[in-house]
Amino acid sequence: MNRRATAAIVFILLVIAVGAGLASVLRQKRSEKPLKALGFIDRPETFIMDIAKSEGLYDVVNKAIKGTFVKGLRDGDPALARKALSADFLARFPAPTDGHIVPDVSLDIREFDKSPQVDLAAEPFLALIRSYTAEWVHLERTTWRPFLFLADPSESAAYCELHFQLAGPLPDTRRVDLSGTARAQLVLEGGNWKLRRFEWIEGTRIEGRQPPWREITDDVGLHFNESDDVAKVKQQVIDGRESTWSVSPSVLDYNQDGFWDILAGIGYQESVLFINDGRGGFERQPTPARDVSSMPSTWLVLDLDGDGVSEWVTSYVNAYSAGKGWFDLYHKKGTEWERLDRALEFPNPREDRVIGVTGILPVDINRDGLMDLYFC
């Protein structure tokens, strides 16, 4: 081999060595560069696309979580709630003092608009939830409602996004509501579906400053006497949107005792004057109408003729004829009520043949000093 060939071979080997060395350095630099950190809960890139299979798995997973985690929270059983959490469970959940206050006149609102960055193991997580509910009388509502569910093809893991809510009353009956959006990772562990990760995304804690309204209608006697079957039929009519109104009550101080009374009627059925007894209840009195077929849905009680005795104007249309219609009213004659048929006439074009009245208002429409009646 001559000197020129030897020099060429040495040069080639040197290039190869330098290239190998450079590659080694580059590999070392790459290995020293930190890897991209994964999210606390990543949405999977691959998941079961078969809808029937996915929905079937969703039913199984959701039932398992509701039967342990949700039931444990609702019943105040931390041991049962703990059974729903995997051995390596971690959560990110806001503390009661996190977030910021949203100004409001009637409510105390604290908004948690970002996920906390502190990882909580199972016991601290459950303890944090108890710190929200410790002063509540009981948990009135526990909501776990997924709106996105992605099952892993292995059918041993799943990802979901959900509406999460805890709500209940304080001893003074004020209500507190913790509600927000969360994401969760679920795994099959020991044959049971469990929560492996739980992360709060955003939501609010809302506390009322005043006690809530309480339904006392039946307690004070402010109701029509009807059977459960009749009440059910009426509700079906309302649900089916077959009727736009049922009762149009009026508020008045009928006996001038300083307490507001209520006059209510159900068309073609019943009318009742509820007299306020001043002690938190009502006494039932009949109205002038006696005939069920002409029973109005609403009344106006007003002294129309200035004699000091009120007349009762009804919403019942007595008749339609020749482009006109008539309302009745009742006038006191001695100690008895007298029905004045067709006392009030109004134009009724043929295209408005049948009308319904939900209220009668006294107003001087034309400002002539005389009281007019507006039927609406």
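You'll find the structure just up there.
Below you will find a few notes about this structure. Just so it is clear, the model here is predicted, and its values are computed rather than measured.

1. Re the sheet that holds strand β15 (residues 336–347)
With antiparallel pairing, four strands are arranged side by side in an open sheet as β12-β13-β14-β15. The open sheet has two free edges, formed respectively by β12 (299–302) and β15, since each of these has just one partner strand. Mean inter-strand twist for the sheet, computed between neighbouring axes without regard to direction, equals 35°. As defined by bridge partners, strand β13 (residues 311–321) adjoins strand β14 (residues 324–333) across six bridges and the pair is classed as antiparallel. Bridged to Ser-321 within β14 is Lys-324.

2. Comments concerning the sheet that holds strand β9 (residues 261–266)
In space, the four strands of this open sheet follow the order β8-β9-β10-β11, with antiparallel pairing throughout. Strands at the two margins of the open sheet, each flanked by one partner only, are β8 (250–252) and β11 (282–286). When strand polarity is set aside, the average angle formed by the axes of neighbouring strands in this sheet is 25°. Pairing between strand β10 (residues 270–276) and β11: five bridges, direction antiparallel. Following the sheet pairing, Phe-274 is matched in β11 by Arg-284.

3. Remarks on the side chain of Thr-298
By the element assignment, Thr-298 lies in the loop between β11 and β12. Taking the relative accessible area as the measure of exposure, Thr-298 reaches 2% and is therefore buried. When sequence neighbours within four positions are dropped, the list of residues in contact with Thr-298 reads Ser-248, Ser-250, Val-313, Thr-314, Ser-315, Val-357, Thr-358, Gly-359 and Ile-360.

The rules we used
- Residues numbered from 1 in each chain as written.
- Predicted model: local features only at pLDDT ≥ 70, side-chain atom pairs only at ≥ 80, totals over all residues.
- Heavy atoms only, no water.
- Pairing = 2+ DSSP bridges.
- Helix = DSSP H or I, 4+ residues; strand = E, 2+ residues; numbered from the N terminus.
- Axes fitted to C-alpha atoms, helices over the stretch in contact; angles between N-to-C directions.
- Buried < 20%, exposed > 50% of the residue type's maximum accessible area, 1.4 Å probe, protein only.
- Contact = heavy atoms within 4.5 Å.

Note that every value here comes from positions in space, so none of it alone points to a role or purpose.
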